[in-house]
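What the coordinates show
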Amino acid sequence: MTEGAVRVGLVQSRAPATPEAALAHLEPLVREASEQGARLILTPEASNMMQRRREARDLHLADEADDIVAQGLSRLAAELGVWMLVGSVVVRSGRAEDDRAANRSLLIDDRGRTVARYDKLHVFDVDLPNGETYRESATVRPGDGAVVADTPFARLGLTICYDLRFPQLFRSLAKAGAEMIAVPAAFTVPTGRAHWETLLRARAIETGAFILAPAQGGEHEDGRATWGRSMVVDPWGEVIARRDDDAPGVLIADLDMSAVGRARQAVPSLSHDREFLPPR
Ligand SMILES: O=C(O)CNC(=O)[C@H](CS)NC(=O)CCC(=O)C(=O)O
C-alpha cells in the first residue's frame, strides 16, 4: 500500500426484504472488509431492506434511532473500530406533516456515533423503456440540503443513487472541499448497463475527487433486479477497483489522497466556472 494511503472497503449486497435479514446479510461482509484492513467501510443504498410495496415496507419502517440495520452497523463500527458510511437506510422521516420515509445515508465514526446524515435529494420517478416504472416520490420525502462531513481520512461528500445524474450537486460538494464522494446505489439493470460506469467516471473527472460507489446487485426478494458492479474511481477518472458482477462481496481499494491535488492542479476546471446569461 502507498505510504499514507487510505484503505476503503465497499460492500456489494443483495438486500432482502426485512431489516433483520438485511443485518444478517451485511454483518459478515462488513467483518470481511475490516479483516482486509479497510478503515472506512461503505454499504449500498437501501441497506436495510428492498421493499417495492409500500404496505410491506411500512411494516418494517422505523425511526432512525430504532432501525435494526442502523443500530447493528453502528455497534459493529464501534466493535471493529472502523468508520462506516451506511449508504442508506429507509427510515421514518421524522416530519409530522409528511408520512413518507427518508432515504438516508448515515456516517458513523469508529466509536459507533452517527456524525452526519443526508437525505437523498433527487428521487427516482422514471418510466424505463423496458416497462420498469418507479415513483420514489410517492413513498420517499426528498431531502433539502447537501452534506459534506470530515473524517480522519478526507472530507466526504454524500449522495445517493439517482443523485449521480445531477452534476451540480457533485460540483457543489467538491467546492465545499469534498475529496471523496460516496454514491451508494441500487441501480436498475438497463440504466446500469448503459450509464453507471460512464456517469461515475464523469463525476470523478469533473470534481477531481475519489468516487466510492457501493451497489446492490442481483435479484432481490421483492422481485427487483439491480446492477451491482460496485467501483472506486480515482480523481483522474481511472477505475482503480471494480466488481465485474452482481454478487454479494467486498471490494477493497487504497486511496492515495494526494491524487486529488494532482488532478485539480493538472486541470483546474473546478475553479473556472463563469457566470453566463441563460440561453436565448
Ligand atoms: O427504493 C428502494 O428500496 C431503494 N431505492 C432505489 O432503488 C432507488 C429508488 S427506486 N433507485 C434509484 O434511485 C435508481 C437510479 C437508477 O437506476 C438510475 O438513475 O438509472
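See the structure above.
Keep in mind that what you see is a predicted model, and the values were worked out from it rather than measured.

Conventions and cut-offs
- Residues numbered from 1 in each chain as written.
- Predicted model: local features only at pLDDT ≥ 70, side-chain atom pairs only at ≥ 80, totals over all residues.
- Helix = DSSP H or I, 4+ residues; strand = E, 2+ residues; numbered from the N terminus.
- Rg over C-alpha atoms; globule rule 2.2 N^0.38 Å.
- Buried ≥ 20, exposed ≤ 12 C-beta atoms within 10 Å, placed from the backbone.
- Contact = placed C-beta atoms within 7 Å.
- Near = placed C-beta within 6 Å.
- Nonpolar A, V, L, I, M, F, W, Y, C, P; charged D, E, K, R; others polar.
- Core = buried A, V, L, I, M, F, W, Y, C linked by C-beta atoms within 7 Å.
- Axes fitted to C-alpha atoms, helices over the stretch in contact; angles between N-to-C directions.
- Parallel < 35°, antiparallel > 145°, perpendicular 65-115°, else oblique.
- Left-handed = near helix turned anticlockwise from the far one by under 90°.
- Pairing = 2+ DSSP bridges.
- Right-handed = clockwise from strand over helix to strand, strands pointing away.
- Expected span 1.5 Å × (residues − 1).
- Bend = angle between axes of the 7 residues up to and from the residue.

1. Description of the overall build of the chain
A count of helices and strands for the chain gives six helices and 16 strands. Here the chain has a C-alpha radius of gyration of 18 Å; the compact-globule value for 280 residues is 19 Å, and the two agree. Dimensions of the chain, computed from the C-alpha atoms along their principal axes, are close to 55 × 50 × 35 Å. Put simply, the chain has 280 residues, and 45% of those count as buried. Counted over contacts in the chain with a minimum sequence separation of 6, partners at least 24 positions apart contribute 68%.

2. Observations regarding the site of the ligand
Near the ligand lie 13 residues; those nearest to it are Ala46, Phe124, Tyr162, Ala186 and Thr191. Of the residues that constitute the shell around the ligand, the class distribution is eight nonpolar, two polar and three charged.

3. Let's talk about the nonpolar core
Ranked by size, the top nonpolar core spans 78 residues in total, and within it Leu73, Ile211 and Leu212 carry the most contacts. It is strand β3 (residues 83–92) that contributes the most residues to this core, seven residues altogether. Ignoring sequence-local partners within four residues, the contact set of Leu73 consists of Leu26, Val30, Met84, Val86 and Ile108.

4. Re the packing of helix α1 (residues 19–35) against helix α3 (residues 68–80)
Where α1 meets α3, the axes come as close as 9 Å, and the angle between the chain directions of the two elements is 20 degrees. As judged from the angle between their axes, α1 and α3 are roughly parallel. Crossing handedness for the pair α1 and α3: right-handed. Facing α1, whose interface residues are Pro19, Glu20, Ala22, Leu23, Leu26, Glu27, Val30 and Ser34, α3 presents Ile68, Val69, Gly72, Leu73, Leu76 and Leu80. Classifying every residue of the contact of α1 with α3 gives 10 nonpolar, two polar and two charged.

5. Details of the sheet that holds strand β8 (residues 148–150)
Here six strands make up an open sheet; going across it, the order is β8-β9-β10-β11-β14-β15 and the pairing mixed. Taken across any chain shown, the strands that pair with only one partner, and hence form the sheet edges, are β8 and β15 (239–242). If you compare each strand with its neighbour and ignore which way they point, the axes differ by 20 degrees on average. Alignment of strand β10 (residues 180–182) against strand β11 (residues 210–213), held across three bridges, turns out to be parallel.

6. A word on the pairing of strand β2 (residues 40–43)
Here β2 shows a buried face lined by Leu40 and Leu42 and a second buried face lined by Ile41 and Thr43. The pairing of strand β1 (residues 6–12) with β2 spans three bridges and is parallel. Paired with Leu10 across the strands is Leu42, a residue of β2. Taken together, β1, α1 and β2 form a β-α-β motif whose crossover is right-handed. Judged from the four bridges that link them, β2 and β3 form a sheet pairing that is parallel. Paired with Thr43 across the strands is Val86, a residue of β3.

7. Brief notes about the sheet that holds strand β4 (residues 101–108)
The strand order β5-β4-β3-β2-β1-β16 describes an open sheet built from six strands, whose pairing is mixed. The outermost strands of the open sheet, each flanked by one partner alone, are β5 (114–119) and β16 (249–255). Taken over all neighbouring pairs, the strand axes of this sheet differ in orientation by 25 degrees on average, direction set aside. The pairing of β3 with β4 spans seven bridges and is antiparallel.

8. Overview of unusual backbone geometry
The residue Ala46 is not glycine, and still its phi comes out positive at about 55 degrees. Structurally, the position occupied by Ala46 is in the loop between β2 and α2 (54–60). Residue classification places Ala46 among the buried residues on the basis of 27 C-beta atoms within 10 Å. Despite not being glycine, Arg229 shows a phi value in the positive range, around 55 degrees. Positionally, Arg229 belongs in the loop between β13 (225–227) and β14 (231–233).

9. Looking at the pairing of β15
Two strands pair when backbone bridges link them, and β14 and β15 are joined in this way by three bridges, in the antiparallel orientation. Bridge pairing links Val232 to Ala241 in β15. The turn linking β14 back onto β15 is made up of five residues, and Gly237 within it adopts a positive phi angle of 100 degrees.

10. A short note on α1
Quick reminder: α-helices carry 3.6 residues per turn. Residues three or four places apart thus point the same way. Taking 1.5 Å of rise per residue, the 17 residues of α1 would be expected to cover 24 Å, and the 24 Å separating its terminal C-alpha atoms lies within 8% of that figure. Within α1, the axis deviates most sharply at Leu26, by approximately 25 degrees, and proline Pro28 lies no more than four positions further along. In this structure, the buried residues of α1 make contact with β1, β2, α2, α3 and β16. Count one or two residues on from α1 and you reach Gly37, which has phi positive near 95 degrees.

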